[in-house]
Amino acid sequence: MKKLVVLIVLMAGITAIAQKPERNRGDRNHMKDMTPEQIATLQTKQMTLSLDLTDAQQKEIQSLNLENALKRSEKKKEMKARKDSGETKKLTSEERYAMKTAMLDHQIAQKEKMKKILDKEQYEKWEKMKKNREGHRKGRGMKDDTRRSGRK
């Protein structure tokens, strides 16, 4: 009888631990109700703290962040409208290629704009922050093994 009770308690504990808490499901979930202007302002302030931006740099990056936030908002609305109308279909290889090309062109343009706005040290720091974010987004964390192996 005691073994049965211990087994039930153990199974209940494992089941409770295995459940993913709702607050960890999406770290950007708190931003979904914000306007593009609010998102751009928050991003600019975070970059100001991280990169020690001047007032002129803050204004330029604010406009850049606002432009990007507005584009993302429009894309999100288009995708939602397409999903609601039932138009979601599998893209052809040409459509995927065009989308990927457009995305990469946009990233190249963003990089060039950031090079013009930031000084060399700030740009290098921004690049490191960007790579770290991309690594976390892909679920890998840091891309190099120095953290795991303890080497520097």
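Conventions used here
- Residues numbered from 1 in each chain as written.
- Predicted model: local features only at pLDDT ≥ 70, side-chain atom pairs only at ≥ 80, totals over all residues.
- Heavy atoms only, no water.
- Phe/Tyr/Trp six-rings, centres within 6.5 Å; stacked < 30°, edge-to-face > 60°.
- Helix = DSSP H or I, 4+ residues; strand = E, 2+ residues; numbered from the N terminus.
- Buried < 20%, exposed > 50% of the residue type's maximum accessible area, 1.4 Å probe, protein only.
- pLDDT = per-residue confidence, 0-100.
- Contact = heavy atoms within 4.5 Å.
- Polar contact = N/O pair within 3.5 Å; in protein donor to acceptor, adjacent residues only side chain to side chain.
- Salt bridge = Lys/Arg side-chain N within 4 Å of Asp/Glu carboxyl O.
- Axes fitted to C-alpha atoms, helices over the stretch in contact; angles between N-to-C directions.
- Parallel < 35°, antiparallel > 145°, perpendicular 65-115°, else oblique.
- Left-handed = near helix turned anticlockwise from the far one by under 90°.
- Nonpolar A, V, L, I, M, F, W, Y, C, P; charged D, E, K, R; others polar.
- Patch = residues over 30% accessible without salt bridge, like charges linked within 9 Å, V, L, I, M, F, W, Y side chains within 5 Å.
- Areas by Shrake-Rupley, 256 points an atom, 1.4 Å probe, with all protein chains shown as cover.

### Concerning the packing of aromatic side chains
Right, so step 1: Under the definition given, this model contains one aromatic pair.
Right, so step 2: Consider the rings of Tyr123 and Trp126, whose centres lie 5.7 Å apart with planes at 35°: the pair is tilted. With Tyr123 and Trp126 both in helix H5 (residues 120-137) and three residues apart, the pair spans about one turn of that helix. With respect to burial, Tyr123 and Trp126 carry one shared label: buried.

### Things to note about the confidence of the model for the protein chain
Right, so step 1: In the predicted model, the protein chain carries a mean pLDDT of 81, and the fraction of residues at 70 or more is 82%.
Right, so step 2: With pLDDT under 50 throughout, residues 140-149 is counted as low confidence; its partners more than four residues away or in other chains account for 11 contacts.

### What about the side chain of Gln57?
Right, so step 1: In this structure, Gln57 sits in helix H3 (residues 55-85).
Right, so step 2: Note on Gln57: relative accessible area 9%, which makes it buried.
Right, so step 3: Of the polar contacts made by the side chain of Gln57, one reaches the backbone nitrogen of Thr54; its length is 2.9 Å.

### Some remarks on the pattern of salt bridges
Right, so step 1: For the coordinates displayed, the defined rule picks out three salt bridges.
Right, so step 2: Here Lys113 ties to Glu67 by a salt bridge, and the two come within 3.6 Å at their closest N and O atoms. Within this pair, whereas Lys113 is found in helix H4 (residues 93-117), its partner Glu67 is found in helix H3, the two being separated by 46 residues in sequence.
Right, so step 3: Judged by its relative accessible area of 32%, Lys113 falls in the partly exposed class.
Right, so step 4: Judged by its relative accessible area of 31%, Glu67 falls in the partly exposed class.
Right, so step 5: Among the charged side chains, a network of salt bridges with common partners joins Glu67, Lys71 and Lys113.

### Notes on the packing of H3 against H4
Geometrically, a packed helix pair is captured by the angle between its two axes and the distance between the axes.
Right, so step 1: Put simply, H3 and H4 touch, their axes get as near as 10 Å, and they point 165° apart. Relative to H4, the element H3 lies roughly antiparallel. In the packing of H3 onto H4, the handedness of the crossing is left-handed. Here Gln57, Glu60, Ile61, Leu64, Glu67, Asn68 and Lys71 of H3 lie close against H4, whose contacting residues are His106, Gln110, Lys113, Met114 and Ile117.
Right, so step 2: Of the residues in the contact of H3 with H4, the class split is four nonpolar, four polar and four charged.

### Considerations on a nonpolar patch on the surface
Right, so step 1: On the surface, a cluster of nonpolar side chains totalling about 940 Å² of accessible area is made up of Met1, Leu4, Val5, Leu7, Ile8, Val9, Leu10, Met11 and Ile14.
Right, so step 2: Inspection of the secondary structure puts Leu10 in helix H1 (residues 2-18).
Right, so step 3: The exposure class assigned to Leu10 is partly exposed, which follows from its relative accessible area of 48%.

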